[in-house]
Structure formats: C-alpha cells, structure tokens
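In case you want the letters, here they are:
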Amino acid sequence: PPQHSLFCEKSQDSTIVPADCYPLESVLVNGTPSANGWTQLNGDTLGFTLENVKENVRIEALFARDVQSLVVDNGDGGTVQTSSATIRCGDSYRFMVIPDSCRTLESVTVNGENVMPLLPYLENANPWLPDTAVYEAANVHVDQQVVVRYDYAQPHHIAVSFLSNGNILSYNNIEVGCGDDTLV
C-alpha cells in the first residue's frame, strides 16, 4: 500500500475508489472500524481528511465482491434450467428454456427486456419435443429477473384422400390439436 510522510500536526486528504464489482465493506483507521469523517465524493469514491496528525496512521479499506441474484418466474408449460441462483458481479450466466411437448415459447424477458429475438435454439434429439432455447448474459452487474411464458402449439392439419378405382371419393382437411388423436 502507498505510504505518505506528513509533518506533525498537518492534515492529509485521502480517497478510496473501489474497483468495479468490489464495493467498500469497511474502513479501518489504526485497526479500528471508522465510519466518521468519510464523505461521498463522486459515485463510489469516498474522501476523508486526517486532521492534526501527531502519530503514524494506518488506513485499511476492505472490499467484498458484489453478488447478484437470479430469480426465475417460470410459467406453466416448460422447464428453465440454470446453474445457480446467484451470480458474482462481472461473471456470466446461462439458462436453457425447454418447453413441454405441445408447447411453444410465448415470451422470455430479462429485467423487463424481451430477449426472444436473441435466443439461439438447440435442436432437440426427440422430434416430439420442441427445441431448447438458450440465453447467456455476460458481465452481469445487476440482479437478474427472468420471466418465461409458454403457449400451446398450433394444431396440425392432415389432408386425407380416399381413392376407389382411381377416383377420389372424398377429400378432407382435418385439424388435430398437438398431442390429440383423430379418427380418419
């Protein structure tokens, strides 16, 4: 740490500037917690004046890395998979949205912002299940609120033709809801 020489009974101005993601936790003056005399100068920068210094003084600033929370509001119709409910400030996180069978994503927002257009999809190995959406955020500095909503998949249309001796007897276009059965 930097050291400064000071003539007896003089004053010394000091500032503490926390690094990004490391807010000031406490200040010790000669090993004793000190809350008096510090003023907010600009943003997170603190200033302090040592008045009438008559002995050696040691100032220690203690910092702690910020931690952001990840809160997921997942509606009915699918699963959200994430690795943690907390994110260390400056780190990245990723979550995957897996709609249930016969469901689709209606909306995905992060802190109120629609992220649906940004979502890449991983093709599901099971053709009966929808593809998985993936979201990744980097350099996180604020709490994250994720809201996921699902909709029902659109119905399928089945075209049926009945042939008899080369003649079409009837032609039907049948609408069948996803996962439903039908009789032909």
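Here the structure is a predicted model, which means the values were calculated and not measured. For every chain, the first residue of the written sequence is number 1, and numbering continues from 1 along that sequence. Whole-chain, interface and lining totals are the exception, using all residues; otherwise, since this is a predicted model, local features are given only for residues with pLDDT of at least 70 and side-chain atom pairs are given and counted only at 80 or more. Hydrogens and water molecules were not included; the side-chain quantities draw on all heavy atoms of the structure.

(A) Structural view of the state of the cysteines. Defined by distance alone, a disulfide is two cysteine sulfur atoms within 2.5 Å. Tallied over the full model, the rule gives one disulfide. Shown here is the disulfide that connects cysteine 21 with cysteine 89, its sulfur atoms set 2.1 Å apart. Because the torsion about its S-S bond is -60°, the bridge between cysteine 21 and cysteine 89 counts as left-handed. Of this pair, cysteine 21 sits in the loop between β1 (10-16) and β2 (24-29) while cysteine 89 sits in the loop between β9 (86-88) and β10 (93-99), and the two are 68 residues apart along the sequence. Starting at the N terminus, helices and strands are each numbered in turn, a helix being any DSSP run of H or I of at least four residues and a strand any DSSP run of E of at least two.

(B) A look at the environment of tyrosine 121. Residue position: tyrosine 121 is located in strand β13 (residues 121-122). Relative accessible area decides the class of each residue, using a 1.4 Å probe on protein chains only: under 20% of the type maximum gives buried, over 50% gives exposed, and in between gives partly exposed. Among the residues examined, tyrosine 121 registers a relative accessible area of 41% and is labelled partly exposed. Through-space distance from the C-alpha of tyrosine 121 to that of isoleucine 98 is 9.9 Å; in sequence the pair is 23 residues apart.

(C) Broad picture of the pattern of salt bridges. Salt bridge, as used here: a side-chain nitrogen of Lys or Arg that lies within 4 Å of a carboxyl oxygen of Asp or Glu. Under the counting rule described, the total for this entry stands at four salt bridges. Across the salt bridge formed by arginine 88 and aspartate 91, the nearest N and O atoms sit 3.3 Å from each other. By relative accessible area, which is 26% here, aspartate 91 ends up partly exposed.

(D) Spotlight on the sheet that holds strand β8 (residues 78-82). For two strands to count as paired, DSSP must find a minimum of two bridges between them. Read from one edge of the open sheet, four strands run β8-β10-β14-β13, paired in antiparallel fashion. Every other strand in the sheet has two partners, leaving β8 and β13 as the edge strands with one partner each. When β13 meets strand β14 (residues 132-137), the two strands line up antiparallel, connected through two bridges. Residue pairing in the sheet places tyrosine 121 in a bridge with alanine 133 of β14.

(E) A look at the environment of threonine 132. Of note, threonine 132 is situated in strand β14. With relative accessibility at 10%, the residue threonine 132 sits in the buried group. Taking the C-alpha atoms as reference points, threonine 132 and leucine 119, separated by 13 residues in sequence, lie 9.5 Å from one another.

(F) Examining the side chain of threonine 109 more closely. Within the fold, threonine 109 resides in strand β11 (residues 103-110). In this structure threonine 109 comes out as buried when scored by relative accessible area, which is 19%. Whether two residues are in contact is decided by their heavy atoms, any of which lying within 4.5 Å being enough. Excluding its chain neighbours within four sequence positions, the residues that come into contact with threonine 109 are Asn114, Val115, Gln145, Val146 and Val147.

(G) Structural context of the packing of aromatic side chains. Working definition: rings of Phe, Tyr and Trp (its six-membered ring) pair if their centres are within 6.5 Å, and the pair is stacked with planes under 30 degrees apart, edge-to-face with planes over 60 apart, and tilted otherwise. Per the stated rule, a full pass over the model turns up three aromatic pairs. With a centroid separation of 6.3 Å and an interplanar angle of 20°, the aromatic rings of tyrosine 93 and phenylalanine 95 are classed as stacked. Overall, phenylalanine 95 belongs to the buried group, its relative accessible area being 1%. Measuring from centroid to centroid gives 5.2 Å for phenylalanine 95 and tyrosine 135, while their planes differ by 35°, and the two rings are tilted. With phenylalanine 95 in strand β10 and tyrosine 135 in strand β14, this pair connects stretches of sequence that are 40 residues apart. Note that arginine 103 overlies the ring of tyrosine 152, its terminal NZ or CZ placed 4.0 Å from the centroid. To sit over a ring, a charge needs its Lys NZ or Arg CZ within 6 Å of the ring centre and within 35 degrees of the ring normal.

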